[in-house]
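A structural walkthrough
Residues per chain are reported as follows:
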Amino acid sequence: MVLDNLGSSLRGTLETLQGKTRLSEEDVEAVVREIQRSLLQADVDVSLVMELSDSIKTRALKEEPPGGTSARDHVLKIVYEEMVAIVGESTEIPLEPQTILLAGLQGSGKTTSAAKMAWWFSKKGLRPAVIQTDTFRPGAYDQAKQMCERAEVEFYGDPDESDPVTIAREGLEATEDADVHIVDTAGRHGLEDELIAEIEEIEGLVSPDLSLLVFDAAIGQGAKEQARQFEEAIGIDGVMITKLDGTAKGGGALTAVNETDSSIAFLGTGETVQDIERFEPNGFISRLLG
Ligand code: GDP
């Protein structure tokens, strides 16, 4: 079955269905309760959890398990399908020349993620360059430069220039031989108007093929408002969830994906440039339910 590594209490509940060919309403309720508990713990938005619970209940009671399928496998399949409907498939990332714009709050992991993505593209045989337009956070330039050196990818930044739009423009010119441009932007503590105006201007200049929103896995319920505002300002095509090597499961990002009608592109799983994975629904769903 597709869902490995399920949490022990959900697995326990599913085991009690072993051997049954039909599910009672109580059986379905018990499974849904366990799922709700795991998802709420993983910071998935309450209304999303409710929506999901309703669709699982309706389908599990209405649809007959196909011949030869146990009630347990039948409900598990429904859970998986309904979860995929919410989590979505991975954001499509063509292996071709493109410009990627990164957005997110300060500390979300943007700068680290920019270098990680560049490393990822370089491993796929492309020639990436990172353009660092964050003139707001002290140290962003040095950090980005160092990480790009470690990733052995091209880097452009200008510690003497205070206008991010100028850096973006000059950066694109200076790295014109690169085929994938990853433009890192400044994050603030919140969604100040200034941050939004600045990123809109950068977006206008670089015309990204993909705009990715970077979230810390611990974002929780704050994801919704952030996603909405960035979506309105620049249009969000995908999400990168960082710090999944910690205890947070990143369920808040689902709210963002739902809000922006986008999908998850990458996962960050550590502090070094190699700690990046392409999103893959099965593992992520198992983790949310685990
Ligand atoms: P920015 O302000 O959004 O550019 O965030 P940074 O890239 O500076 O990241 C903030 C902190 O989070 C740094 O200490 C990074 O090393 C750390 N960080 C970023 N991504 C990850 C990750 O996937 N796992 C872990 N453990 N730490 C991360």
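Counting starts from 1 at the beginning of each chain's written sequence and moves along it residue by residue. Residues qualify for local features only when their pLDDT is at least 70, as the model is predicted, and side-chain atom pairs are given and counted only at 80 or more; totals for whole chains, interfaces and linings, by contrast, use all residues. Based on all heavy atoms of the structure, the side-chain values leave hydrogens and waters out of the count.

Right, let's talk about the overall build of the protein for a bit. Scanning the protein from terminus to terminus reveals 11 helices and 8 strands. Each radius of gyration is computed over the set of C-alpha atoms, and the globule rule expresses the reference value as 2.2 Å times the number of residues to the power 0.38. By the compact-globule yardstick of 19 Å for 290 residues, the protein fits well, its C-alpha radius of gyration being 21 Å. Each principal axis of the C-alpha distribution contributes one length, and for the protein these read about 70 × 40 × 30 Å. Burial here depends on accessible area, computed with a 1.4 Å probe over protein chains only, as a share of the maximum for the residue type. Under 20% is buried, over 50% is exposed, and the range in between is partly exposed. For the protein, the proportion of its 290 residues judged to be buried stands at 54%. Counting contacts in the protein only where the partners sit at least 6 residues apart, residues at least 24 apart contribute 77% of the total. Total accessible area computed for the protein in this model is approximately 12,600 Å², and 45% of it derives from carbon and sulfur atoms. Positive residues here are Lys and Arg, negative ones are Asp and Glu, while His and the chain termini are left out of the count. For charged residues, the charge sits on one atom: NZ in Lys, CZ in Arg, CG in Asp, CD in Glu. Taking the 26 positively charged and 54 negatively charged side chains of the protein as two groups, their mean positions are separated by 9 Å. Elements are defined by DSSP. Helices are runs of H or I of four residues or more, strands are runs of E of two residues or more, and each kind is numbered from the N terminus. Contacts are residue-level and defined by heavy atoms, with any inter-residue pair within 4.5 Å sufficient. Residue exposure ignores everything except the shown protein chains as possible cover, and the areas themselves are Shrake-Rupley values with a 1.4 Å probe.

Another point: the site of the ligand. If you check the shell around the ligand, you find 18 residues, and the closest are Gly-107, Lys-110, Thr-111, Thr-112 and Asp-245. For the ligand, an oxygen atom lies 2.5 Å from a polar atom in the side chain of Thr-112. The fraction of the free accessible surface of the ligand (580 Å²) that becomes covered by protein chains is 82%. With a 1 Å grid laid over protein atoms only, a set of points is called a cavity when a 1.4 Å probe fits there but cannot get out and a pocket when it is open yet has protein on both sides within 12 Å along at least five of seven lines; lining residues have an atom within 4 Å of a point. To qualify as sitting in a cavity or pocket, a molecule needs more than half of its atoms within 2 Å of the grid points. When each cavity is represented as a set of grid points, the ligand is found to reside in the largest pocket. The leading source of residues in the shell around the ligand is helix H5 (residues 110-123), at 4 residues. For this classification, Asp, Glu, Lys and Arg are treated as charged, while Ala, Val, Leu, Ile, Met, Phe, Trp, Tyr, Cys and Pro are nonpolar and the rest, including Gly, are polar. Broken down by class, the residue content of the shell around the ligand amounts to 1 nonpolar, 11 polar and 6 charged. Nearness is defined per residue: one heavy atom within 4 Å of the molecule or strand is enough. Definition of a polar contact: a pair of N or O atoms within 3.5 Å, with one able to donate and the other able to accept a hydrogen when the atoms are protein atoms, and with sequence-neighbouring residues admitted only if both atoms are side-chain atoms.

Glancing now at the side chain of Ser-263. With respect to the element layout, Ser-263 can be found in strand E7 (residues 263-268). One polar contact links Ser-263 to Thr-91, side chain to side chain, over a distance of 2.8 Å. Not counting the four nearest positions on each side in its chain, Ser-263 is found in contact with Glu-89, Ser-90, Thr-91, Asp-237, Gly-238, Val-239 and Val-257.

All right, on to the sheet that holds strand E3 (residues 154-156) then. Between any two strands, at least two bridges found by DSSP are needed for them to pair. Across the sheet, 8 strands lie side by side as E3-E2-E4-E1-E5-E6-E7-E8; this open sheet has mixed pairing. Two strands bound the open sheet, and with one partner strand each, they are E3 and strand E8 (276-278). In this sheet, neighbouring strand axes are inclined to one another by 25° on average, regardless of whether the strands run parallel or antiparallel. Strand direction decides the pairing type here: strand E1 (residues 98-103) and strand E5 (residues 210-216), joined by 4 bridges, are parallel. Counterpart to Leu-102 in the pairing with E5 is Leu-212. Angles run from 0 to 180 degrees between N-to-C directions of axes, and those axes are lines fitted to C-alpha atoms, restricted for helices to the stretch in contact. Lying over the sheet, helix H8 (residues 193-206) contacts E1 and strand E4 (180-184), oriented at roughly 175° with respect to E1. The strands touched by helix H9 (residues 223-234) within the sheet are E1 and E5, with E5 carrying the most contacts at an inclination of about 160°.

This paragraph deals with the UniProt feature "domain: AAA+ ATPase" (unreviewed entry) in the protein. UniProt positions are given in the numbering used here, feature names are shortened, and annotations may be inferred rather than shown by experiment. In this structure's numbering, the residues bearing the UniProt feature "domain: AAA+ ATPase" (unreviewed entry) are residues 96-280. The span residues 96-280 shows a helical share of 39% and a strand share of 22%, and its end C-alpha atoms are spaced 21 Å apart.

Below, the discussion takes up the nonpolar core. The term nonpolar core refers to a set of buried residues drawn from Ala, Val, Leu, Ile, Met, Phe, Trp, Tyr and Cys, joined through side-chain atoms within 4.5 Å. If you look at the biggest cluster of nonpolar residues, it comprises 64 residues, and the most contacted ones within it are Ile-35, Leu-39, Phe-230, Ile-241, Leu-254, Phe-284 and Leu-288. Ranked by residue count, the leading element in this core is helix H4 (residues 71-87), at 10 residues. Filtering out sequence-adjacent residues up to four positions away, Phe-284 remains in contact with Val-87, Ile-241, Leu-244, Lys-249, Gly-250, Leu-254, Ile-264 and Phe-279. Phe-121, Leu-210, Phe-266 and Ile-276 belong to the second-largest nonpolar core, a separate cluster that totals 28 residues.

Let's shift gears to unusual backbone geometry. The phi dihedral of Asp-43 falls on the positive side, at around 75°, and the residue is not glycine. For Asp-43, the location among the structural elements is in the loop between helix H2 (25-41) and helix H3 (46-62). In this model, Ser-207 sits at a positive phi of 40°, which is unusual for a non-glycine residue. Within the element layout of this structure, Ser-207 appears in the loop between H8 and E5. Among the residues examined, Ser-207 registers a relative accessible area of 49% and is labelled partly exposed.

So, on to the layout of surface pockets. A probe matching the size of a water molecule, rolled over the atoms, marks out where space remains unfilled. Grid points are joined across faces, edges and corners, and a volume is the space filled by probe spheres set on the points. The space that makes up the largest pocket amounts to roughly 330 Å³. Residue assignment for the lining of the largest pocket shows that the elements contributing at least two residues are H5 and helix H6 (140-151). The leading source of residues in the lining of the largest pocket is H5, at 5 residues. Of the residues in the lining of the largest pocket, the class split is 2 nonpolar, 13 polar and 7 charged.

Another point: the pairing of strand E2 (residues 128-132). The buried fraction of E2 amounts to 5 of the 5 residues, a majority that puts the element mostly inside the structure. Residues of E2 alternate between two faces, with Pro-128, Val-130 and Gln-132 on one and Ala-129 and Ile-131 on the opposite face, all of them buried. Direction of pairing for E2 relative to E4: parallel, over a ladder of 5 bridges. In the strand pairing of E4, Pro-128 is matched with Val-180. As paired strands, E2 and E3 are joined by 3 bridges and run parallel to one another. Opposite Ile-131, over in E3, you have Tyr-156 as the bridge partner. By convention, orient the strands away from the viewer: a clockwise path from the first strand over the helix to the second makes the crossover right-handed. Note on the crossover from E2 through H6 to E3: the handedness is right-handed.

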